[in-house]
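This is what each chain is made of:
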Amino acid sequence: MTVHHHLDDASIMRYASGDFDEAFAIVVASHLAMCEECRAAVRTAEAMGGAVLEAVEAMPLAKDAFDRLSRMLDVEPEVPPMRHELDAGNVPLPLSRLIGGDLAQVPWRTIVPGMQRHRIDIASTTSSLYMLKIAPGRKMPEHGHGGTEMTLILEGSYSDIFGQFAAGDIADLDEHVEHQPVVDSDIDCICLVATEHPTRFKGMISRILQPLIGI
Ligand SMILES: [Zn+2]
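Quick summary incoming for the structure in this document. (Residues numbered from 1 in each chain as written. Predicted model: local features only at pLDDT ≥ 70, side-chain atom pairs only at ≥ 80, totals over all residues. Heavy atoms only, no water.)

What about the packing of aromatic side chains?
Line of reasoning, step 1. One pass over the full model with this rule turns up two aromatic pairs.
Line of reasoning, step 2. A ring pair is formed by Phe-20 and Phe-24, whose centres lie 5.9 Å apart and whose planes are at 15°; its orientation type is stacked.
Line of reasoning, step 3. For the pair Tyr-158 and Phe-165, a centre-to-centre distance of 5.3 Å together with 25° between the ring planes defines the contact as stacked. Comparing Tyr-158 with Phe-165 shows no difference in burial state: the two are buried. (Phe/Tyr/Trp six-rings, centres within 6.5 Å; stacked < 30°, edge-to-face > 60°. Buried < 20%, exposed > 50% of the residue type's maximum accessible area, 1.4 Å probe, protein only.)

What follows is the structure, given as C-alpha cells:
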C-alpha cells in the first residue's frame with residue numbers, strides 16, 4: 001500500500017504523548033496500522049518525549065540541561081516496533097475491533113441517496129467517530145470545520161483541493177480548511193472520520209440537511 005497523505009507533525013506529537021481523545025486516537029492508530037512512515041515518526045516522538053521526561057527529572061535546574069538533552073536526542077532510540085496489522089478484510093485492527101472485522105458487515109444507514117453513514121459509539125463527549133460510504137461521482141457537501149477533522153480512507157478514493165486520497169491516506173485538517181471532496185473511484189469510497197465539533201456546512205440546503213445528516 002502506497003500512502004501519499006500522512007499525519008502532520010503536531011498530530012504525531014499529540015498521539016505520542018497520549019493527548020488525543022478516543023475518536024482521534026482510533027483514526028490515528030488505524031492510519032499507523034497502514035503506514036510505516038508515520039509509525040517511525042511516532043516512535044521517534046515517543047523517544048523524544050521519554051528523553052525530555054528523563055532530563056527534566058534528572059537535572060531540572062542544571063545550566064547545561066539543554067545541551068545534555070540535545071546530546072540525548074542524537075542517540076538512536078531503541079524502541080520496539082509498534083504492532084501493526086491489517087485483518088483479513090483489509091481493515092486496520094484498531095477499527096476492526098469496533099466494527100466486527102468486516103466492511104461488508106457494517107450496518108450502514110442511508111443519509112441521502114449515494115451517502116451512507118455508520119456511527120461508532122465511543123465514550124467521548126467532545127468528538128465523534130463515524131464511517132462514511134459514498135458512491136462514485138458523489139460530492140460531499142462543501143464544508144468548513146468547527147474544529148479538527150481527520151479522515152482515513154479505507155476503500156476507494158476521493159479528490160479535493162489537496163489531491164487524491166486513496167486507501168491508507170489520511171486527511172488531517174484543521175478548522176480553517178474548507179473543501180469539497182468528490183469520489184473519483186469506480187467503487188464506493190469508505191472512510192473513517194473523527195470530528196471535534198459538528199461540521200458547519202455553508203450552503204442553505206446543506207445547513208437545513210445538517211441536523212438530519214448529523215455530521
Ligand atoms: Zn502516514
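With respect to the sheet that holds strand E7 (residues 163–166)
Line of reasoning, step 1. An order of E7-E6-E9 is seen for the three strands of this open sheet, with the pairing classed as antiparallel. On the outer flanks of this sheet lie E7 and strand E9 (182–183), each paired with one strand and no other.
Line of reasoning, step 2. As defined by bridge partners, strand E6 (residues 157–160) adjoins E7 across four bridges and the pair is classed as antiparallel. Opposite Asp-160, over in E7, you have Gly-163 as the bridge partner. (Pairing = 2+ DSSP bridges. Helix = DSSP H or I, 4+ residues; strand = E, 2+ residues; numbered from the N terminus.)

Topic: the nonpolar core
Line of reasoning, step 1. Residues Leu-129, Met-131, Leu-154 and Leu-192 are the most contacted members of the largest nonpolar core, which totals 32 residues.
Line of reasoning, step 2. Looking at this core, the elements with two or more residues in it are helix H2 (22–34), helix H3 (36–58), helix H5 (93–99), strand E3 (128–134), strand E5 (149–155) and strand E10 (189–195).
Line of reasoning, step 3. No other element matches H2, which puts seven residues into this core.
Line of reasoning, step 4. Grouped together as the second largest cluster of nonpolar side chains are 16 residues, Ile-153, Val-177, Cys-191 and Val-193 included. (Core = buried A, V, L, I, M, F, W, Y, C linked by side-chain atoms within 4.5 Å.)

Details of the packing of H2 against H3
Line of reasoning, step 1. Between H2 and H3, the shortest axis-to-axis distance is 6 Å and the interhelical angle comes to 115°. As for how H2 packs across H3, the hand of that crossing is left-handed. Residue-level contacts link His-31, Leu-32, Ala-33 and Met-34 of H2 to Glu-36, Cys-38, Arg-39 and Val-42 of H3.
Line of reasoning, step 2. Among the residues making up the contact of H2 with H3, the classes are represented as five nonpolar, one polar and two charged. (Axes fitted to C-alpha atoms, helices over the stretch in contact; angles between N-to-C directions. Left-handed = near helix turned anticlockwise from the far one by under 90°. Contact = heavy atoms within 4.5 Å. Nonpolar A, V, L, I, M, F, W, Y, C, P; charged D, E, K, R; others polar.)

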